[in-house]
Amino acid sequence: MRICWLVSKDGRHQPIKLPHLETIHIGRGPETKITDKKCSRQQAQLKADCNKGHVMIKQLGSNPTSIDSVELGKDAEGKLKTGVILHIVNGLYPYTVEFSEALENISERSRCNEERSKSDKRRFEKCVNSNVDTMAPKKHKSTDLSKVSSPSSSKTPKEEPTKKAPFF
C-alpha cells in the first residue's frame, strides 16, 4: 500500500502522513507550526487517494488557499499531484505531496539506523545492503520542482539541485 505525505517545502516541520481516503484538516496549529492569524485552524480539508496518486483539497477558511498559484476560493475543491505546490493561505506556507510504498519492516530500518549511529561504517553498510528491500520505499516518485513552470510564468526556472525526500 502506498503512503501519502504532505511535505512542508520550507522545512517548518516533519512531513504529515495523509492516510488513504481519510479526511484531514490542516491550518494554523502545532502540527503545521503556522501561527498566522489569517490562516484558519481548519483552513483546508485534504483527502488522499493513495491508489490514484492524488489528494483532493477543499478550502474551508475565508482567506485564499492556492494550488500552483491558482486560488481556490471558499468551499472550492482542487486536486494535488506530486510536484504541484500548495500554499495554505495567502500564497504562504508552501507544501507538496509525495507518495511512497509502505515500509515492510520498520524494525530492520531501526536496527540499521542504530548501526549508522555507531562508528563502524562497515557494519552499517552491511546492514543497509542486506535489507535494501525492506528499508527503503519501493519506488519513490520525486519531481524536480525547479523544472516545473507555472501557467502564468514564461520565465525559464533556474537549475537547482534536486532535493531528496526525507528518510523516515
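Since we're looking at a predicted model, the values are computed, not measured.

## Topic: the pairing of strand 1 (residues 2-8)
- Counted residue by residue, strand 1 has 7 buried out of 7 residues, so it is predominantly covered.
- Burial along strand 1 is two-sided: the face carrying Arg2, Cys4, Leu6 and Ser8 and the face carrying Ile3, Trp5 and Val7 are both buried.
- Here strand 1 pairs with strand 10 (residues 92-101) via 7 bridges, running antiparallel. Each residue of the ladder has a partner; that of Trp5, found in strand 10, is Glu98.
- When strand 1 meets strand 2 (residues 16-18), the two strands line up antiparallel, connected through 3 bridges. Residue pairing for strand 2: Trp5 is matched across the bridge by Lys17.

## A few points about the side chain of Arg28
- Structurally, the position occupied by Arg28 is in the loop between strand 3 (23-26) and strand 4 (44-49).
- Although buried, Arg28 forms no salt bridge, and the nearest oppositely charged side chain, Asp36, lies 6.9 Å from it.
- With residues up to four places along the chain from it excluded, the contact list for Arg28 reads Ile34, Thr35, Asp36, Lys37, Cys39, Ser40 and Arg41.

## Things to note about the sheet that holds strand 5 (residues 54-59)
- Taken together, the 4 strands give an open sheet; going across it, the order is 3-4-5-8, and neighbouring strands pair in antiparallel fashion. Edge strands, defined here as strands with exactly one partner in the open sheet, are strand 3 and strand 8 (77-80). Each adjacent strand pair in this sheet contributes to an overall mean axis angle of 25°, direction not counted.

Rules used in this analysis
Residues numbered from 1 in each chain as written. Predicted model: local features only at pLDDT ≥ 70, side-chain atom pairs only at ≥ 80, totals over all residues. Heavy atoms only, no water. Buried < 20%, exposed > 50% of the residue type's maximum accessible area, 1.4 Å probe, protein only. Helix = DSSP H or I, 4+ residues; strand = E, 2+ residues; numbered from the N terminus. Pairing = 2+ DSSP bridges. Lys, Arg positive; Asp, Glu negative; His and termini not counted. Salt bridge = Lys/Arg side-chain N within 4 Å of Asp/Glu carboxyl O. Contact = heavy atoms within 4.5 Å. Axes fitted to C-alpha atoms, helices over the stretch in contact; angles between N-to-C directions.

Everything listed here is a matter of geometry and, on its own, says nothing about what the molecule does.
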